[in-house]
Amino acid sequence: MMKIFNSILLVVTLVMASSCDVDDDNTNFHYETLEITDALLPEAFEYGELYTVEFKYLRPTNCHYYEGFDFQKTDKTERTIYAIGAVLDQTGCKEFANDSIGTASFNFEVRYRDPYTFKFYSGDNEDGEKQYITIEVPVVQDSTRTSTIKKANTIKTSQYN
């Protein structure tokens, strides 16, 4: 009786496995880096504290969806931030007439006493070079200086390869 059950189970498993199409590699989306237009940081960080960093990004079409962010630690206190979007691979995507701005955020813990430099990817220039919004935030010991969060001064918008 057990041999018959095992044989039937084997046949059913083989039939089910052969009906699956594992060669379906027609992806219906891909990932792109979205342009960041603005960032909100405190005037100063307090060592050891946790902060929420907010930024705004562009959604160029109705087929672009924010999926998250990525960052690179390029130096001890330098971070390069990218907004990541999923783009649906379909026809009929409509460009937004008025730039569609989304808002996202991430938590950041201050682990060093040196000033932090944030470079937010803001797109490529006409020569294909990456552009960044660069903001430097000093680290202070006095918590009263960080009690109000307001837009940090942009040091410069610069380009890096």
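Predicted, not measured: the structure shown is a model, and the values here were computed from it.

Calculation criteria
- Residues numbered from 1 in each chain as written.
- Predicted model: local features only at pLDDT ≥ 70, side-chain atom pairs only at ≥ 80, totals over all residues.
- Heavy atoms only, no water.
- Helix = DSSP H or I, 4+ residues; strand = E, 2+ residues; numbered from the N terminus.
- Buried < 20%, exposed > 50% of the residue type's maximum accessible area, 1.4 Å probe, protein only.
- Contact = heavy atoms within 4.5 Å.
- Areas by Shrake-Rupley, 256 points an atom, 1.4 Å probe, with all protein chains shown as cover.
- Salt bridge = Lys/Arg side-chain N within 4 Å of Asp/Glu carboxyl O.
- Core = buried A, V, L, I, M, F, W, Y, C linked by side-chain atoms within 4.5 Å.
- 1 Å grid on protein atoms, 1.4 Å probe; cavity = no way out; pocket = protein on both sides within 12 Å on 5 of 7 lines; lining within 4 Å.
- Points joined across faces, edges and corners; volume = space filled by probe spheres on them.
- Nonpolar A, V, L, I, M, F, W, Y, C, P; charged D, E, K, R; others polar.
- Disulfide = S-S within 2.5 Å.

1. Details of the overall build of the protein
Thought 1: On a plain count of helices and strands, the protein comes out with one helix and eleven strands.
Thought 2: Listing every helix and strand of the protein by position from the N terminus yields α-β-β-β-β-β-β-β-β-β-β-β.
Thought 3: Counting across all 161 residues of the protein, residues that qualify as buried make up 32%.
Thought 4: Residue pairs at least 24 apart in sequence account for 65% of intrachain contacts in the protein once pairs closer than 6 positions are excluded.
Thought 5: Carbon and sulfur atoms make up 49% of the accessible area of the protein, which amounts to about 10,800 Å² in all.

2. Looking at the pattern of salt bridges
Thought 1: Throughout the structure, instances matching the rule amount to three salt bridges.
Thought 2: Glu-78 serves as the salt-bridge partner of Lys-119, at 3.5 Å between the closest nitrogen and oxygen. Linking Lys-119 in strand E8 (residues 116–124) with Glu-78 in strand E6 (residues 78–88), this pair joins segments that are 41 residues apart in sequence.
Thought 3: Judged by relative accessible area, Lys-119 falls into the buried class, the value being 7%.

3. Re the nonpolar core
Generally speaking, soluble globular proteins have nonpolar side chains that are buried together.
Thought 1: Formed by 22 residues in total, the largest nonpolar core has its most connected members in Leu-41, Phe-45, Phe-55, Phe-108, Phe-118 and Phe-120.
Thought 2: Among the elements of the structure, strand E2 (36–40), strand E4 (50–61), E6, strand E7 (95–109), E8 and strand E9 (130–137) are those that each provide at least two residues to this core.
Thought 3: If one sorts the elements of this core by residue count, E4 sits on top with four residues.
Thought 4: Among all residues touching Phe-55, those that are not within four sequence positions of it are Ile-36, Asp-38, Ala-39, Tyr-66, Phe-69, Ala-83, Gly-102, Thr-103, Ala-104, Ser-105, Phe-106 and Phe-120.

4. A look at the layout of surface pockets
Remark: the empty space left among the atoms is shown by a probe the size of a water molecule rolled over them.
Thought 1: Space inside the largest pocket adds up to approximately 210 Å³.
Thought 2: Taken together, 13 residues form the lining of the largest pocket, with Phe-71, Arg-79, Asn-107, Phe-108 and Glu-109 sitting closest to its centre.
Thought 3: Mapped by element, the contributors of at least two residues to the lining of the largest pocket are strand E5 (64–75), E6, E7 and E8.
Thought 4: It is E7 that provides the largest number of residues to the lining of the largest pocket, a total of four residues.
Thought 5: Within the lining of the largest pocket, the residues separate by chemical class into eight nonpolar, one polar and four charged.

5. Quick notes on the state of the cysteines
Thought 1: For the structure on display, the rule yields one disulfide.
Thought 2: At a sulfur-sulfur separation of 2.0 Å, the disulfide partner of Cys-63 is Cys-93. Disulfide Cys-63-Cys-93: the torsion about the S-S bond is -95°, which places it as left-handed. Separated by 30 residues along the polypeptide, Cys-63 in the loop between E4 and E5 and Cys-93 in the loop between E6 and E7 bring together distant segments of the chain.

6. A look at the environment of Phe-55
Thought 1: Within the element layout of this structure, Phe-55 appears in strand E4.
Thought 2: Sequence separation of Phe-55 and Ala-83 is 28 residues, and the distance between their C-alpha atoms is 9.0 Å.

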